[in-house]
Amino acid sequence: MLNRLGRLALVVGSLTVVSSCGQDGAAASAYGADESGLTSGLGFDGRILKTDCNAMSSWYECRDIRTAPAAVQRGYEYIHHTSSTLGPDGTRKFADGTPYARSSNACSSCHFSGGQVPFGLPLMQVNDKYAAKPLFRAFNYKRDARDATLDCFRNCMGNVEVPDKYGDVIDDIMAYVGWTAAGVTDPSMTGAGWESLPGHSWPYFSGDWQSMKADVTNGGAIYEAECHACHGRDGAGQGEYRPGEPRPRYPALWGDRSFTRGAAMYSVPQLAFFTRKHMPFGDPETLSEQEALDVAGFINSQPRAVAHSARMFCDADTATGLPNSLLKPAHWNVGCVDAAEPFSFEQRLLGPWRPIALWRAAEVARRGTTAR
Ligand code: HEC
Ligand code: HEC
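Scope of this entry: the structure provided in the associated data block. On a predicted model such as this, the values are computed, not experimentally measured, just so you know.

The rules behind each value
Residues numbered from 1 in each chain as written. Chains lettered and ligands numbered in written order. Predicted model: local features only at pLDDT ≥ 70, side-chain atom pairs only at ≥ 80, totals over all residues. Heavy atoms only, no water. Phe/Tyr/Trp six-rings, centres within 6.5 Å; stacked < 30°, edge-to-face > 60°. Helix = DSSP H or I, 4+ residues; strand = E, 2+ residues; numbered from the N terminus. Buried < 20%, exposed > 50% of the residue type's maximum accessible area, 1.4 Å probe, protein only. Lys NZ or Arg CZ within 6 Å of the ring centre and 35° of its normal. Donors = N, O, S within 2.8 Å, 3.2 Å for Na, K, Ca; no water. Near = heavy atom within 4 Å. Polar contact = N/O pair within 3.5 Å; in protein donor to acceptor, adjacent residues only side chain to side chain. Nonpolar A, V, L, I, M, F, W, Y, C, P; charged D, E, K, R; others polar. Tetrahedral: all angles 85-135°; square planar, octahedral: opposite > 155°, others 65-115°. Core = buried A, V, L, I, M, F, W, Y, C linked by side-chain atoms within 4.5 Å. Domains from an automatic or database assignment. Contact = heavy atoms within 4.5 Å. Salt bridge = Lys/Arg side-chain N within 4 Å of Asp/Glu carboxyl O. Disulfide = S-S within 2.5 Å.

1. Focus on the packing of aromatic side chains
Then comes step 1: Within the structure shown, the criterion is met by 14 aromatic pairs.
Then comes step 2: With centroids separated by 5.2 Å and ring planes inclined at 25 degrees, the aromatic side chains of Phe112 and Phe274 adopt a geometry described as stacked. Placement of Phe112 in helix H4 (residues 112–115) and of Phe274 in helix H10 (residues 268–278) is noted, with a sequence separation of 162 residues between them.
Then comes step 3: With relative accessibility at 5%, the residue Phe112 sits in the buried group.
Then comes step 4: Classification of Phe274 by relative accessible area gives buried; the value is 6%.
Then comes step 5: Ring pairing ties together the aromatic residues Tyr204, Phe205, Trp209 and Phe273, which thus form one cluster.
Then comes step 6: Just above the ring of Trp179 sits the side chain of Arg63; from NZ or CZ to the centre is 4.0 Å.
Then comes step 7: When the ring centre of Phe259 is taken as reference, the NZ or CZ atom of Arg304 above it lies at 3.8 Å.

Here it is, written out as C-alpha cells:
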C-alpha cells in the first residue's frame, strides 16, 4: 500500500485559487477553493469538492449563488454551513435546546457543492424523482421530496425530532433544491426524464460487488495510510467550531458527530462506491474496488448512533403483509431482521450479500404463496 501522506500534505497546504464556474475554457480542478460564492465564509483554505462546470456545461448551467433569490441563499446556507446554522453551533433549536441538526457535518459534506456534483449525491433530480416514485415500499409510506429531506435529518444528521415539514427551514431548503433543478439546461433530463441526469445514482462498482466481502483489518490499514490525516484517527473529523470556520474542514466519519446506522452511507457497498469515486480527497479512483470495500467495512465497524434506525423495516408491507425486513436491500444492515434469517450481523454488514439477497427472495416467494 502506497503511503500518500507526504503528497497529501502538499495538496492540503497549497493555496491555489481556481474559478470553478468560469466558462473561460481554463482547466478547472474539481478540488479546492473557488470564487463562485459557493465557498464564501468557509475559513481555512475553503477546500470543498467542487462542481466541474466545464465538464457539465452541455447540460448544467453553473450560476453564482449570490445572484439567487433570498430564500434560495438561505437554503444554501443551511446546506453548506449546516453546523453554524442548524447544527450544534447554530441558532435553530427545538424547544428542549436540541439543535435542528445533531451532527456537526454539513449537508454538503456528502451532497458535494450543495448537491451539484454528479455521483456526489446531487440534489437537482429530487423534485422530479419523488413526483415519479413517491412510494418507498420498504418504509411503508409515500414520501415526497420534503419527506426525503426529513429522512436525511433523521438518518444522516442523527435527529429523532425533525424540523416542521412545512416550516421556514424546509421551505428554504426546498427553494434551494428547486434552484439546483433549474440549472439543468437539457429538457430531456427533467420531469419524467430525470433518470437520464448524469450521476444521479450511486457510482456502482464494475464487478459483482454483492459477492465481495470487506476485510476490516486491511480496511484499518488503508484508513491509517489514506484517510486518518484528514478525518482523524478517531473518525471525528477536524476543524469544527474554529473561529471563522463555520463548517467542518473534514467531516466526521463515525462517532456521535457522524451519520447514524439509519443512513444510506451505513451500507458498506454504498459507502465504498462513494469513497472510491471521490476519496482520498483530490486523488479519486486510486483505491481498488476491494480496497474501497475494505476501508468502508472498517469505517462502518466503528461506533455510531442508532438514533431513529432501530425502528426501520420492523413493520409488514401494507400491500402484501410480508415483513419489510425481507424487502429491504441485503447490504443495508439496519433496523429489524426476520427471526428466521440464518445470517450473522457480521455477514449482513461486511458481505457477501448475494446469499442474503437470494435467501430473502426465496423466502418472499415461499411466504407470498403459503403464508397469506
Ligand atoms: C486531504 C484530506 C482528505 C483525505 C485524505 C480523505 N478525505 Fe474524505 N473528505 C475530505 C473532505 C474535505 C470532505 C468533504 C468535502 C466537501 O465538503 O466538499 C470529505 C468527505 C468524505 C466523505 C463524505 C462525508 C461523510 O460524512 O460521509 C466520506 C465518506 C469520506 N470523505 C471518506 C474518506 C475515506 C474513506 C478516505 C480514505 C480513503 C478519505 N475520505 C480521505 C477530505 C479528505
Ligand atoms: C452522511 C452523508 C449525508 C449528509 C450529512 C446528508 N445527506 Fe442527504 N443523503 C445522503 C445519502 C447517502 C442519500 C441517499 C441518496 C440515494 O439513495 O440516492 C441522501 C438523500 C437525501 C435526499 C434525497 C435525495 C434523493 O435523490 O433521493 C435529500 C433531499 C437530502 N439527502 C437532503 C439532505 C439535507 C438537507 C441534509 C442536511 C440537513 C443532508 N441531506 C445531509 C447523505 C447525506
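Don't stop here, the text continues.
2. Considerations on the coordination of the iron atom of ligand 2
Then comes step 1: Protein coordination of the iron atom of ligand 2 is provided by His111 (NE2) and Cys152 (SG), with donor distances spanning 2.0 to 2.2 Å.
Then comes step 2: Judged by its relative accessible area of 17%, His111 is buried.
Then comes step 3: Among the residues examined, Cys152 registers a relative accessible area of 26% and is labelled partly exposed.

3. Topic: the site of ligand 1
Then comes step 1: Residues in close proximity to ligand 1 total 28 residues, the closest being Leu49, Cys227, Cys230, His231 and Met279.
Then comes step 2: Between ligand 1 and the protein, one listed contact pairs an oxygen atom with a backbone N or O atom of Leu49 at 2.8 Å.
Then comes step 3: In this structure, an oxygen atom belonging to ligand 1 sits 3.4 Å away from a side-chain N or O atom of Asn105.
Then comes step 4: Elements supplying a minimum of two residues to the shell around ligand 1: helix H1 (5–13), strand E2 (48–49), helix H9 (228–231) and H10.
Then comes step 5: At 3 residues, H10 tops the list of elements feeding residues into the shell around ligand 1.
Then comes step 6: Partitioning the shell around ligand 1 into residue classes produces 20 nonpolar, 5 polar and 3 charged.

4. Description of the site of ligand 2
Then comes step 1: Around ligand 2, 19 residues are found, and the nearest of them are Cys107, Cys110, His111, Tyr130 and Cys152.
Then comes step 2: Measuring from an oxygen atom of ligand 2, one finds a side-chain N or O atom of Lys129 at 2.7 Å.
Then comes step 3: Between ligand 2 and the protein, one listed contact pairs an oxygen atom with a side-chain N or O atom of Tyr130 at 2.5 Å.
Then comes step 4: When residues of the shell around ligand 2 are assigned to their parent elements, the largest contribution, 4 residues, is made by helix H6 (residues 145–155).

5. Notes on the coordination of the iron atom of ligand 1
Then comes step 1: The iron atom of ligand 1 binds to the protein through His231 (NE2) and Met279 (SD), with metal-donor distances spanning 2.0 to 2.3 Å.
Then comes step 2: In this structure, the iron atom of ligand 1 is coordinated by 6 donor atoms arranged in octahedral fashion, with angles at the metal of 87 to 179 degrees. Residue His231 is found in helix H9, and its partner Met279 is found in the loop between H10 and helix H11 (289–299); the two are separated by 48 residues along the sequence. With respect to burial, His231 and Met279 carry one shared label: buried.

6. Looking at the nonpolar core
Then comes step 1: In this structure, Phe205, Tyr223, Val268, Leu293, Val295 and Ile299 are the most contacted members of the largest nonpolar core, which totals 42 residues.
Then comes step 2: Contributing elements (two or more residues each) for this core: helix H8 (216–226), H10, H11, helix H13 (345–350) and helix H14 (354–370).
Then comes step 3: With 6 residues, H11 is the single largest residue contributor to this core.
Then comes step 4: Built from parts of two domains, this core gets at least three residues from each of domain 1 (209–307) and domain 2 (315–370).
Then comes step 5: Excluding residues that lie within four positions of it along the chain, Val268 makes contacts with Ala214, Leu293, Ala296, Gly297, Asn300, His331, Leu349 and Trp353.
Then comes step 6: Residues Tyr100, Ala101, Val169 and Val177 belong to the second largest nonpolar core, which totals 27 residues.

7. Section: the pattern of salt bridges
Then comes step 1: Applying the stated criterion across every chain, the model contains 14 salt bridges.
Then comes step 2: A salt bridge links Asp171 to Arg146, with the nearest nitrogen and oxygen atoms 2.8 Å apart. With Asp171 in helix H7 (residues 168–182) and Arg146 in helix H6, the pair connects residues that are 25 residues apart, well separated along the chain.
Then comes step 3: When its relative accessible area of 18% is taken as the criterion, Arg146 is described as buried.
Then comes step 4: Among the ionic pairs, Arg367 bridges to Asp338, the shortest N-O distance being 2.6 Å. Taken as a pair, Arg367 in helix H14 and Asp338 in the loop between helix H12 (324–327) and H13 lie far apart in primary sequence, 29 residues in all. No difference in accessibility class separates Arg367 from Asp338, as the two residues are buried.
Then comes step 5: In this structure, a network of salt bridges that share partners links the residues Asp338, Glu363, Arg366 and Arg367.

8. Details of the state of the cysteines
Then comes step 1: Per the stated rule, a full pass over the model turns up 2 disulfides.
Then comes step 2: Residue Cys53 pairs covalently with Cys62 via a disulfide, S to S 2.0 Å. Given an S-S torsion of about -95 degrees, the disulfide between Cys53 and Cys62 has left-handed geometry.
Then comes step 3: When its relative accessible area of 0% is taken as the criterion, Cys53 is described as buried.
Then comes step 4: A disulfide bridge connects Cys314 with Cys336, and the sulfur atoms are separated by 2.0 Å. Looking down the S-S bond of the Cys314 and Cys336 bridge, the torsion is 85 degrees, so its handedness is right-handed.

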